[in-house]
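Spelled out, the chains give:
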2 protein chains.
Amino acid sequence: MARKRGSHSDITGPKVREAARHLFARHGYAAVSMRQIAAEVGVQAGALYNYTPDKQSLLFDLMEEHLSELLTAFDGTADPSAPPPARLDHFVRHHIGFHMDRADQVFIAYMELRNLEPGNFARVEAMRRAYEDRLEAILQAGVGTGDFSVTDLRVTTMAVIALLTGVTNWYRKGGRLDLAEIEEIYLNLVRKAVAA
Amino acid sequence: MARKRGSHSDITGPKVREAARHLFARHGYAAVSMRQIAAEVGVQAGALYNYTPDKQSLLFDLMEEHLSELLTAFDGTADPSAPPPARLDHFVRHHIGFHMDRADQVFIAYMELRNLEPGNFARVEAMRRAYEDRLEAILQAGVGTGDFSVTDLRVTTMAVIALLTGVTNWYRKGGRLDLAEIEEIYLNLVRKAVAA
DNA sequence: GTCTATAGAGAGATAGAC
DNA sequence: GTCTATCTCTCTATAGAC
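Quick caveat: nothing in here was measured; it's all calculated off a predicted structure. (Residues numbered from 1 in each chain as written. Chains lettered and ligands numbered in written order. Predicted model: local features only at pLDDT ≥ 70, side-chain atom pairs only at ≥ 80, totals over all residues. Heavy atoms only, no water.)

1. Here we look at the overall build of chain A
To be explicit about the condition: Numbering of helices and strands runs from the N terminus; a helix is a DSSP stretch of H or I covering at least four residues, while a strand is a stretch of E covering at least two. For the exposure calls, accessible area comes from a 1.4 Å probe over protein chains only, and a residue counts as buried if that area is under 20% of its type's maximum, exposed if over 50%, partly exposed in between. Residue-level accessible areas treat just the shown protein chains as cover; the underlying method is Shrake-Rupley with a 1.4 Å probe. By the counting rule applied here, Lys and Arg register as positive and Asp and Glu as negative, while His and the ends of each chain are not counted. Charge positions come from single atoms, namely NZ of Lys, CZ of Arg, CG of Asp or CD of Glu.
From N to C terminus, chain A includes nine helices and zero strands. Along chain A, from the amino end to the carboxyl end, the secondary structure elements read α-α-α-α-α-α-α-α-α. A principal-axis box enclosing the C-alpha atoms of chain A has dimensions of 60 × 40 × 30 Å. Expressed as a percentage of the 196 residues in chain A, the buried residues total 48%. Of the roughly 9300 Å² of accessible surface on chain A, a fraction of 51% belongs to carbon and sulfur atoms. Of the side-chain charges in chain A, 23 are positive and 25 negative, and the distance between the mean point of each set is 5 Å.

2. Observations concerning the nonpolar core
Definition in use: To form a nonpolar core, buried Ala, Val, Leu, Ile, Met, Phe, Trp, Tyr and Cys residues must be joined to one another through side-chain atoms within 4.5 Å. Every residue pair with non-hydrogen atoms within 4.5 Å of one another is taken to be in contact.
By size, the foremost hydrophobic cluster in this structure holds 112 residues, and its most contacted members are Phe24(A), Ile37(A), Tyr186(A), Phe24(B), Ile37(B) and Tyr186(B). With residues up to four places along the chain from it excluded, the contact list for Phe24(A) reads Tyr29(A), Val32(A), Ile37(A), Lys55(A), Leu58(A), Leu59(A), Leu62(A), Ile108(A), Glu112(A) and Arg114(B).

3. Some points on the relation of the copies chain A and chain B
How we decide: Least-squares fitting of one copy onto the other uses the C-alpha atoms of those residues that reach a pLDDT of at least 70 in both copies.
Laying chain A over chain B is done by rotating through 180 degrees and shifting 0.0 Å along the axis; what remains is an RMSD of 0.1 Å. Both copies of the chain, as the preceding transformation shows, are related through a two-fold rotation axis. Of the residues that chain A buries at the interface, 100% are likewise interface residues in chain B, meaning the two copies contact each other through the same surface.

4. Some points on the interface of chain A and chain B
To keep it simple, the criterion reads: Computed with a 1.4 Å rolling probe, the buried area is the accessible surface lost when two parts are put together, summed over both parts. The salt bridge definition used is simple: a Lys or Arg side-chain nitrogen within 4 Å of an Asp or Glu carboxyl oxygen. Only Asp, Glu, Lys and Arg are considered charged, only Ala, Val, Leu, Ile, Met, Phe, Trp, Tyr, Cys and Pro nonpolar, and every remaining residue, Gly among them, polar.
On the side of chain B, 35 residues touch chain A, which itself brings 35 residues to the contact. A combined buried area of about 2800 Å² lies between chain A and chain B, and 63% of that area is made up of carbon and sulfur atoms. Seen at the junction of chain A and chain B, the total is four salt bridges. A salt bridge links Arg114(A) to Glu112(B); its shortest N-O distance comes to 3.1 Å. By residue class, the composition of the side of chain A that touches chain B is 20 nonpolar, eight polar and seven charged.

5. Observations concerning the domain arrangement of chain A
Residues and elements named next belong to chain A. Quick reminder of the rule: Here the limits of each domain have been adopted from an automatic or database domain assignment.
Segmentation of chain A into domains returns domain 1 (1–52) and domain 2 (54–194). Each of domain 1 and domain 2 has a C-alpha centre, and the two are 28 Å apart. Tallying the contact residues gives 16 residues for domain 1 and 15 residues for domain 2. Taken over both partners, the interface formed by domain 1 and domain 2 buries close to 1500 Å², and the fraction arising from carbon and sulfur atoms is 64%. For domain 1, the biggest contributors to the area lost against domain 2 are Arg17, Arg21 and Tyr29; these three give 45% of the whole.

6. A word on the environment of Val32(A)
All names here are of chain A. Turning to its location among the elements, Val32 is positioned in the loop between helix H1 (9–27) and helix H2 (34–41). On the basis of relative accessibility, which here comes to 1%, the residue Val32 falls in the buried class. Distance in space between the C-alpha atoms of Val32 and Lys55 is 9.9 Å, their sequence separation being 23 residues.

7. Description of the packing of aromatic side chains
A ring pair, where both rings are aromatic, is described by two values, the distance of the centres and the angle of the planes. Put simply, the rule is: When the centres of two rings from Phe, Tyr and Trp lie within 6.5 Å, Trp using its six-membered ring, the rings pair. Their planes under 30 degrees apart give stacked, over 60 give edge-to-face, and anything left gives tilted. Think of it as a cone above the ring: NZ of Lys or CZ of Arg counts as a charge over the ring if it is within 6 Å of the ring centre and within 35 degrees of the ring normal.
Tallying each qualifying case throughout the model produces 10 aromatic pairs over all chains. Among the aromatic residues, those joined into a cluster by ring pairs are Phe74(A), Phe91(A) and Tyr131(A). Of note, Arg128(A) hangs over the ring of Tyr110(A), and the distance from its end group to the ring centre comes to 4.6 Å. The ring of Phe98(B) is capped by Arg102(B), whose NZ or CZ atom sits 3.6 Å from the centre of that ring.

8. Side note on the pattern of salt bridges
Residue and element names in this part refer to chain A. Summed over all chains, the structure comprises 26 salt bridges over all chains. One salt bridge connects Glu125 with Arg128, and the closest N-O pair in it is separated by 3.2 Å. Separated by three residues within a single helix, Glu125 and Arg128 lie in helix H6 (residues 118–145), roughly one turn from each other. On the basis of relative accessible area, Glu125 is assigned to the partly exposed category, the value being 28%. What you see here is one network of salt bridges that share partners, running through Arg129, Glu132, Asp133, Glu136 and Arg154.

9. Focus: the side chain of His95(B)
In this fold, His95(B) is placed in helix H4 (residues 84–100). His95(B) has contacts with Tyr131(B), Ile161(B), Leu164(B) and Thr165(B), leaving out every residue within four places of it along the chain.

10. Observations concerning the packing of helix H7 (residues 153–165) of chain A against helix H9 (residues 179–194) of chain A
Residues and elements named next belong to chain A. Quick reminder of the rule: For helices, the fitted line uses only the C-alpha atoms of the stretch in contact; every axis is such a line through C-alpha atoms, and the angle between N-to-C directions lies from 0 to 180 degrees. Roughly parallel here means an angle under 35 degrees, roughly antiparallel means over 145, roughly perpendicular means 65 to 115, and every remaining angle is called oblique. Crossing chirality is assigned from the near helix's rotation relative to the far helix, an anticlockwise turn below a right angle marking it left-handed and a clockwise turn marking it right-handed.
In contact at an axis separation of 11 Å, H7 and H9 are set at 165 degrees when each is read in the N-to-C sense. Between H7 and H9, the angle is such that the two are roughly antiparallel. Crossing handedness for the pair H7 and H9: right-handed. For the pair H7 and H9, the contacting residues are Thr156, Val160, Leu163 and Leu164 in the first and Tyr186, Val190 and Val194 in the second. Taken together, the residues that form the contact of H7 with H9 break down as six nonpolar, one polar and no charged.

11. Describing H9(A)
Every α-helix winds through 3.6 residues per turn, so residues three or four apart in the chain are directed the same way. What counts here: Here the expected length of a helix is defined as 1.5 Å per residue gap, with one fewer gap than residues.
Compared with an ideal rise of 1.5 Å per residue, which puts 16 residues at 22 Å, H9(A) spans 23 Å between its outermost C-alpha atoms and is within 8% of the ideal. Three or more residues of H9(A) are buried, namely Ile182(A), Glu183(A), Ile185(A), Tyr186(A), Leu187(A), Leu189(A), Val190(A), Ala193(A) and Val194(A). At its buried positions, H9(A) is contacted by helix H4 (84–100), H6, H7 and helix H8 (167–170) of chain A together with helix H7 (153–165) and helix H9 (179–194) of chain B.

12. A word on the environment of Arg87(B)
All names here are of chain B. Turning to its location among the elements, Arg87 is positioned in helix H4. Through-space distance from the C-alpha of Arg87 to that of Ala137 is 10.0 Å; in sequence the pair is 50 residues apart. Those residues in contact with Arg87 that sit more than four places away from it in its chain are Asp79, Pro80, Ala82, Ile138 and Ala141.

13. Some points on the environment of Gly166(B)
Note that Gly166(B) resides in the loop between H7 and helix H8 (167–170). The spacing of Gly166(B) and Met100(B) is 66 residues in sequence and 9.6 Å in space, taken between C-alpha atoms. With residues near it in sequence (within four places) discarded, Gly166(B) still touches Ala162(A) and Tyr186(B).

Shown next, in the form of structure tokens:
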């Protein structure tokens, strides 16, 4: 994927990734052919191999980029010294805001794990686990201060993430609710669910 | 799929469905070949076509059966005249219990929607919506009696279902928690989340 | 960097013997 | 009802011209 002089690398490269993201999310990795991706980009299938060594790398790069951005964006705005309720609010707002406009990436990150080769799978799983641990640490801190009360720390962590990620199942741009309203709905649900 | 005299229909038929369910869940519909299914059943690929007209029907039948069982099982045990909190408890217990041991079916029902032909997709979506409406009715009744308080009825419905279905993301048989403990954890979360 | 052409493998589905 | 054999199509990936 290195750029070469006097080429269209810097235009075609991103287009290949966008086309792959869109088509993988819509039809699934296994159901999409390199020819389909090439057609959406506007080149022949063979030309794609100037930008990716193979189809699997295309998938892995999309997932890796998504989870990397998720972690970076969270860590860049989180304040670990704030009180647990404030940290929980931040997590909820961050998760909703980040996921709402990335339906394709989220879909791929959750649905195409089984199409990753073992080594790639392990790397992606480690990143996902790291993100889950961010929330678990917040909940644990809140239990310690008496702000929160949960029956089981790990299951509650998974449940809250599943609840929040569910926003991508129904949200469509231009719908009945805007970001602020959706954040409020989910904030209320999560705050109450873990309240002491 | 009609049975024929003196054959192995009644043995092979279910085995075909089981093999398809297992393989579709593990590798994805598009990534699984009819030859793989045949190999798991122990027959040659051509023999599968005695039990299904094509691969698509195999997928649709699995989804349709799953959602049909889900609705039937719920309606067979629900008591619409009970107070809303009791109805909510029943929904949670039913959903957790039904989904926990059906990881394969749930995975397929959520992941392979995009591989359904349009007509089949519409039928499956209608059944899913009908199930969601069961929970929405309970929440609405509870808001009416003052037992529950939610910011948005529809979003809360989707959020609770996403939260509960998330159990299939982490639950593995023989793990740290048994059914009763898991039910309690989720019951507490949901009760608190929608409490007045 | 993109093209055409193609190698080599594997797909879904069918035909006809048994 | 299952088999073998095969039709026809499509796939990923590569080679070599431009």
